[in-house]
Amino acid sequence: MAASKPSAAVNSEPAAVIEVKFSLWQITDELLVCSAIEGALAETAEMQLLTNILNAIGCGIGRLPQMDLIEWPPYPNAPNDEAEAREYLATLLAAKLADKPVKTVLMFGDSSGDSGADWLVCPDSEQATALRLPSLATMIEKPQQKAVAWQALQVLLPPK
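Presented here is a report on the structure given in the accompanying data block. Predicted model only: the values in this text are computed from it and were never measured.

**Considering the side chain of Thr 138**
Secondary-structure assignment places Thr 138 in helix H3 (residues 136-141). Of the polar contacts made by the side chain of Thr 138, one reaches the side chain of Ser 135; its length is 2.8 Å.

Here it is as structure tokens:
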């Protein structure tokens, strides 16, 4: 009796569409801020919180500089390949880091399976340090998360 070949399984469900968005702000020549966008762009309260955080670490800004938006897919009907999306996003961030002598990248975003923050990847860089912080929305919803962020930010404060 000859063994029958297994029939190829037909997956009727299409692969999940990969959609990821980040806001980027070049705060100073040495500081880049990257925030995962989960749903809509940041609200006024989130922008005020970000401004307050930046001023608390000594940036002395009145308002945020213009934001750059990075997103995948970069155009309609782009390939839905996770490896390609990650490479594209990492390449854009690496180019931004190469453009200015950035020493610190603040990366705001929650790390969870449903979060665009899982895509926040800072390319290996000897001159830049990446600090991963809770998302701005999370810090507003759960104020105790501000303490988590503040603890991580201590490395940026000048010595007393």
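**Some details on the pattern of salt bridges**
Under the defined criterion, the tally for this structure stands at two salt bridges. Here Lys 103 makes a salt bridge to Glu 30, at a shortest N to O gap of 3.6 Å. Note that Lys 103 is positioned in the loop between helix H2 (82-99) and strand S4 (104-108) and Glu 30 in the loop between strand S1 (20-28) and strand S2 (31-36), a separation of 73 residues in sequence. Taking the relative accessible area as the measure of exposure, Lys 103 reaches 46% and is therefore partly exposed. When its relative accessible area of 40% is taken as the criterion, Glu 30 is described as partly exposed. Between Glu 82 and Arg 86 there is a salt bridge whose closest N-O contact spans 3.0 Å. With Glu 82 and Arg 86 both in helix H2 and four residues apart, the pair spans about one turn of that helix.

**Side note on the environment of Val 105**
Position of Val 105 among the secondary structure elements: in strand S4. On the accessibility criterion, Val 105 (0% relative accessible area) is buried. A C-alpha to C-alpha distance of 5.6 Å links Val 105 and Val 33, two positions 72 residues apart in sequence.

**Some details on H2**
The α-helix winds at 3.6 residues per turn, so residues separated by three or four positions along the chain end up facing the same way. Over its 18 residues, H2 runs 26 Å from end to end, which matches the ideal 26 Å to within 8%, given 1.5 Å per residue. Turning to H2, its buried residues number three or more, namely Ala 85, Leu 89, Leu 93, Lys 96 and Leu 97. For H2, the angular spread of buried residues about the axis comes to 105°, placing them on one side. The exposed set on the far side of H2, more than 90 degrees from its buried face, consists of Ala 83, Glu 87, Ala 98 and Asp 99. Residue Asp 81 occupies the N-cap position of H2, its side-chain oxygen lying 3.4 Å from the main-chain nitrogen of Ala 83.

**Quick word on the sheet that holds strand S5 (residues 129-133)**
What the five strands build is an open sheet, ordered S3-S1-S2-S4-S5; its pairing is mixed. The strands lining the two open edges of the sheet, one partner per strand, are strand S3 (68-72) and S5. When strand polarity is set aside, the average angle formed by the axes of neighbouring strands in this sheet is 20°. Where S2 and S4 come together, five bridges link them in parallel fashion. Across the sheet, residue Val 33 finds its bridge partner in S4, namely Leu 106.

Conventions and cut-offs
Residues numbered from 1 in each chain as written. Predicted model: local features only at pLDDT ≥ 70, side-chain atom pairs only at ≥ 80, totals over all residues. Heavy atoms only, no water. Helix = DSSP H or I, 4+ residues; strand = E, 2+ residues; numbered from the N terminus. Polar contact = N/O pair within 3.5 Å; in protein donor to acceptor, adjacent residues only side chain to side chain. Salt bridge = Lys/Arg side-chain N within 4 Å of Asp/Glu carboxyl O. Buried < 20%, exposed > 50% of the residue type's maximum accessible area, 1.4 Å probe, protein only. Expected span 1.5 Å × (residues − 1). Arc of directions from axis to C-beta. Pairing = 2+ DSSP bridges. Axes fitted to C-alpha atoms, helices over the stretch in contact; angles between N-to-C directions.

Structural measurements only, silent on function.
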